[in-house]
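A look at the structure
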2 protein chains.
Amino acid sequence: MKSKYSLIIILLLISACTNAQQSIQERLGYAKDAKLLILHTDDLALSHSEDSASIHLLEKQHASSGSIQVPCPWFSEMAQYAITHPGADLGLHLTLTSEWKYYKWMPVAGKDKVPSLVNNKGYFYDDLDSLGKLGKPGEVETELRAQIERAKQAGINVTHLDAHMGCAFFNKEFLKIYLKLAREYQLPCLLNVNAFKLLYGIDIKELLTEKDVVTDNVFMAFPPNANTERGAYYTQMLNQLPAGLNCILIHAAFDDAEMKAITVDHPDYGAAWRQADFDFFNSDDFKSVLDKNNIHLITWKEIRDKLTRK
Amino acid sequence: MKSKYSLIIILLLISACTNAQQSIQERLGYAKDAKLLILHTDDLALSHSEDSASIHLLEKQHASSGSIQVPCPWFSEMAQYAITHPGADLGLHLTLTSEWKYYKWMPVAGKDKVPSLVNNKGYFYDDLDSLGKLGKPGEVETELRAQIERAKQAGINVTHLDAHMGCAFFNKEFLKIYLKLAREYQLPCLLNVNAFKLLYGIDIKELLTEKDVVTDNVFMAFPPNANTERGAYYTQMLNQLPAGLNCILIHAAFDDAEMKAITVDHPDYGAAWRQADFDFFNSDDFKSVLDKNNIHLITWKEIRDKLTRK
């Protein structure tokens, strides 16, 4: 029996992204009905704990991709990793909030260039609502562009874009900027018709072109949860994974002093919650369930090079 | 027998700061020949590891004072501590460098206000030489003032000023700004005649007024060192402590994953080196040697309230 605090599975239903002739699997060189999965580690550069755990999963080839928060204190650690591991699939986790209680960062563009994105302390706002109410679209574009340029300057071969806490698709104006930048830099970006409708009330279909790549399904564990049931939660998800382009967003870190302090007084997405993600995706159980279900781990780089930059 | 890597004791000789009538001890209400000591923890807000270890020493009343790096990622942790512990003696460790390899921060004033203080990534320079060559004094003042104002805005009852890596006394122009700000905010600031002469080639006597409080001696362990000999090093220092106003600058943190990652590839001031500082000053041996030598732990707040703001 599951309590109200049991794991919540958000299954974002299949969107209508199909090429008239070919499935996305075929366009990427797989069988028409293949189950493709990007196993994606979010929040890189947030902390050394997050970086260490996520890099471990990437090197073990259990995670296939990850994305970096450019404004965060450990950005240089991930930039160095990207330079020394050119095969790693690393995109940008575009960031417009600084939501942890005692651990903060500022905009890459500099607060004078984007005054509507910072609080009176010079940090990004703690929450999306403040960003949505006060953030001017022109300054959102300035900051997101600064993050992309900073990553390029640091030598990162950026494979894709997505957005921390959905900040760049929080409303339609921001989403248009996100799409504009993805197209300008010829990068695939995380998009899903049903998720954007459900979570942000935005119908993205009218904004899409034939060139945009849209995931069929995006999955993520949401708190509150039971960390002890995480393995069962993901195993069930993988056993039921549909054919198509799937993305699972995970948050791997260690339940150590640094991560506990970052997530202090923040009931959701804590250190133990992240350790539970790490533990399952680090396990042999994960590989077994992938193999059993004939799931192909793929990268955003494949999509970028075979479709976006074709 | 000591190797060339044995502990180096820097004994900064007694400066000629005496009131014609009274010793500084008497002016502070102690016996004329009392041995006064500010045991001072540097680098607060650098990391959770540094904060935790230093707060432990402050709460145990083994450390008597500490100073906060306002631009660092964990500033809010120390600001919250200061607000909830109004008796804690906390000053500002004015900061104009970002010297760790993969862990970085930007100016509080914003990079557009102080472009001569940042590299092409928008961070403070890695080293003092770049700061000294490229930093414009007007922008140094802008940034240091922004750090003081930010601390006040956060609710910190600032007791004193000092400077990380001596950045604010690296040359005479910067030192004048440091003194100007200390006087303007009516705060005592770390000053020592011989140390400033020895380390920075500056004769501060000509810049001082009768109102400025100058330490008689400043001590610090410098790397390279032997961590295992740290207790013997400090014990000897305390057994030989002269009468007067003494300050020992320490760097307490834990030898944990976060601190190891921050100090990676940085041969000096590493995690184990900081743990050795913590271990000695957390021990009963430290208290015993204080008592045996009749050393009085005092705070910068005493100096601020009894002398600077008299």
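First, a word on what this report is: a plain description of the structure on this page.

Criteria and cut-off values
Residues numbered from 1 in each chain as written. Chains lettered and ligands numbered in written order. Predicted model: local features only at pLDDT ≥ 70, side-chain atom pairs only at ≥ 80, totals over all residues. Heavy atoms only, no water. Helix = DSSP H or I, 4+ residues; strand = E, 2+ residues; numbered from the N terminus. Buried < 20%, exposed > 50% of the residue type's maximum accessible area, 1.4 Å probe, protein only. Contact = heavy atoms within 4.5 Å. Areas by Shrake-Rupley, 256 points an atom, 1.4 Å probe, with all protein chains shown as cover. Least-squares fit on C-alpha atoms with pLDDT ≥ 70 in both. Axes fitted to C-alpha atoms, helices over the stretch in contact; angles between N-to-C directions. Parallel < 35°, antiparallel > 145°, perpendicular 65-115°, else oblique. Left-handed = near helix turned anticlockwise from the far one by under 90°. Nonpolar A, V, L, I, M, F, W, Y, C, P; charged D, E, K, R; others polar. Salt bridge = Lys/Arg side-chain N within 4 Å of Asp/Glu carboxyl O.

Another aspect to go through is the overall build of chain A. A tally of helices and strands in chain A yields 12 helices and eight strands. Each principal axis of the C-alpha distribution contributes one length, and for chain A these read about 50 × 45 × 40 Å. Across the 310 residues in chain A, those meeting the buried criterion constitute 60%. Counting only contacts in chain A whose residues sit at least 6 apart along the sequence, the fraction spanning at least 24 positions is 76%. In the form shown here, chain A has an accessible surface area of approximately 12,000 Å², with 52% of it arising from carbon and sulfur atoms.

Looking now at the relation of the copies chain A and chain B. Related by rotation about an axis and a shift along that axis, the two copies of the chain form a pair. Mapping chain A onto chain B calls for a screw motion: a turn of 180 degrees about the axis and a shift of 0.0 Å along it, with 0.0 Å RMSD after fitting. As the rotation angle and translation indicate, the two copies are arranged about a two-fold axis. When each C-alpha of chain A is compared by its distance to the rotation axis, Gly110 of chain A comes out closest, at 2.8 Å. A shared interface surface links the copies, since 100% of the contact residues of chain A are contact residues in chain B too.

Turning next to the packing of helix α2 (residues 48-59) of chain B against helix α3 (residues 75-84) of chain B. All names here are of chain B. Their axes nearest at 10 Å, the elements α2 and α3 cross at an angle of 20 degrees. The angle between α2 and α3 places the two elements in the roughly parallel class. Between α2 and α3 lies a crossing of right-handed hand. Where α2 approaches α3, its residues His48, Asp51, Ile55 and Glu59 are matched on the opposing element by Glu77, Met78 and Tyr81. When grouped by side-chain class, the residues that make up the contact of α2 with α3 number three nonpolar, one polar and three charged.

The next subject is the pattern of salt bridges. Enumeration according to the criterion identifies 30 salt bridges over all chains in this entry. Across the salt bridge formed by Lys306 of chain A and Glu302 of chain A, the nearest N and O atoms sit 3.6 Å from each other. Taken together, the residues span about one helical turn, with Lys306 of chain A and Glu302 of chain A both in helix α12 (residues 300-308) at a distance of four residues. Residue Asp43 of chain B is joined to Arg274 of chain B by a salt bridge in which the shortest nitrogen-to-oxygen separation is 3.0 Å.

Geometry only, nothing functional implied.
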